[in-house]
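Remarks on the overall topology
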Amino acid sequence: MWLVLCSRPENVSIFLEMDSLFGPDSRLVYKHYATLYFVLVFDGSENELAMLDLIQAALFLYLLILAFVVLVETLDKCFSNVCELDIVLNYSKMHTVLDEIVFGDQVLETSSTEVIKAVEDLLSLSFVENKQINLRGLCRLEAASNAISLVPKSVSGWRGR
């Protein structure tokens, strides 16, 4: 069966009549994803589109599990033996890691080392930007404080205001 599926071009139907292999009135539906083939064999009483939907749900579940495994591995590397407290206290970092793995119901990255590299790049960029913003703000604050006199030089000068 694998040889039959591998030899089929991409532009043909994913539904096959498989009477010779599985008996009368048997059909096959498959979905090819990367190097995996998800295959369901069913009889004529089943709806072909319902079977395809079942495969797509299984594929989604597979990708969800894969993303969860990558998330756990990445968090474990980020926090060295991650626990619930790490996630609670570093929610933004965990959210950044999750954003690197999954975006819009699609798994973007499945390599935990690539995710860690991207998160470290984002966090270092954020640190540099925040440091520059803080320095600019500090310079403005210092210039503004030099421009105003909060304490009058004499009490009589204060009353005249």
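Residues numbered from 1 in each chain as written. Predicted model: local features only at pLDDT ≥ 70, side-chain atom pairs only at ≥ 80, totals over all residues. Heavy atoms only, no water.

Positioned with a positive phi, D25 is a non-glycine residue whose angle comes to about 60 degrees. The residue D25 is located in the loop between helix 2 (19-22) and strand 2 (26-33) in this model. Residue S80 is not a glycine yet carries a positive backbone phi of 45 degrees. Summarising the element assignment, S80 is placed in the loop between helix 3 (48-79) and helix 4 (84-89). (Helix = DSSP H or I, 4+ residues; strand = E, 2+ residues; numbered from the N terminus.)

For the rest of this paragraph, the subject is the side chain of D86. Tracing the backbone through its elements, the reader meets D86 in helix 4. Of the side chains with opposite charge, K93 comes closest to the buried, unpaired D86, at an N-O distance of 9.4 Å. Apart from residues no more than four positions distant in its own chain, D86 is found in contact with F79 and N81. (Buried < 20%, exposed > 50% of the residue type's maximum accessible area, 1.4 Å probe, protein only. Lys, Arg positive; Asp, Glu negative; His and termini not counted. Salt bridge = Lys/Arg side-chain N within 4 Å of Asp/Glu carboxyl O. Contact = heavy atoms within 4.5 Å.)

Turning to the UniProt feature "transmembrane region" (unreviewed entry) in the chain, a few remarks are in order. Taken from the UniProt record, the annotation "transmembrane region" (unreviewed entry) applies to residues 54-72. Split by type, residues 54-72 is 100% helix and 0% strand. Its first and last C-alpha atoms lie 27 Å apart. (UniProt positions renumbered as here; feature names shortened; annotations may be inferred.)

Bringing the sheet that holds strand 3 (residues 36-43) into the picture now. Strands sit in the order 1-2-3 across an open sheet of three strands; the sheet is antiparallel. Either end of the sheet is taken by a strand with one partner, and the two such strands are strand 1 (15-17) and strand 3. Across this sheet, the average inter-strand angle for adjacent strands is 25 degrees, counted without regard to direction. Taken together, the three bridges between strand 1 and strand 2 define a ladder with antiparallel strand orientation. Its bridge partner being in strand 2, F15 is matched across the sheet by V29. (Pairing = 2+ DSSP bridges. Axes fitted to C-alpha atoms, helices over the stretch in contact; angles between N-to-C directions.)

The set of residues buried in helix 5 (residues 91-101) consists of M94, T96, V97 and I101. The buried residues of helix 5 occupy an angular sector of 155 degrees when projected down its axis, which confines them to one face. Set apart from the buried face of helix 5 by more than 90 degrees, the exposed residues are Y91 and S92. (Arc of directions from axis to C-beta.)

Looking now at the pairing of strand 3. Pairing of strand 2 with strand 3, which is carried by eight bridges, proceeds in the antiparallel orientation. By the bridge assignment, Y33 is partnered in strand 3 with L36. Counting the residues that bridge the hairpin from strand 2 to strand 3 gives two residues, and of these A34 lies at a positive phi of roughly 55 degrees.

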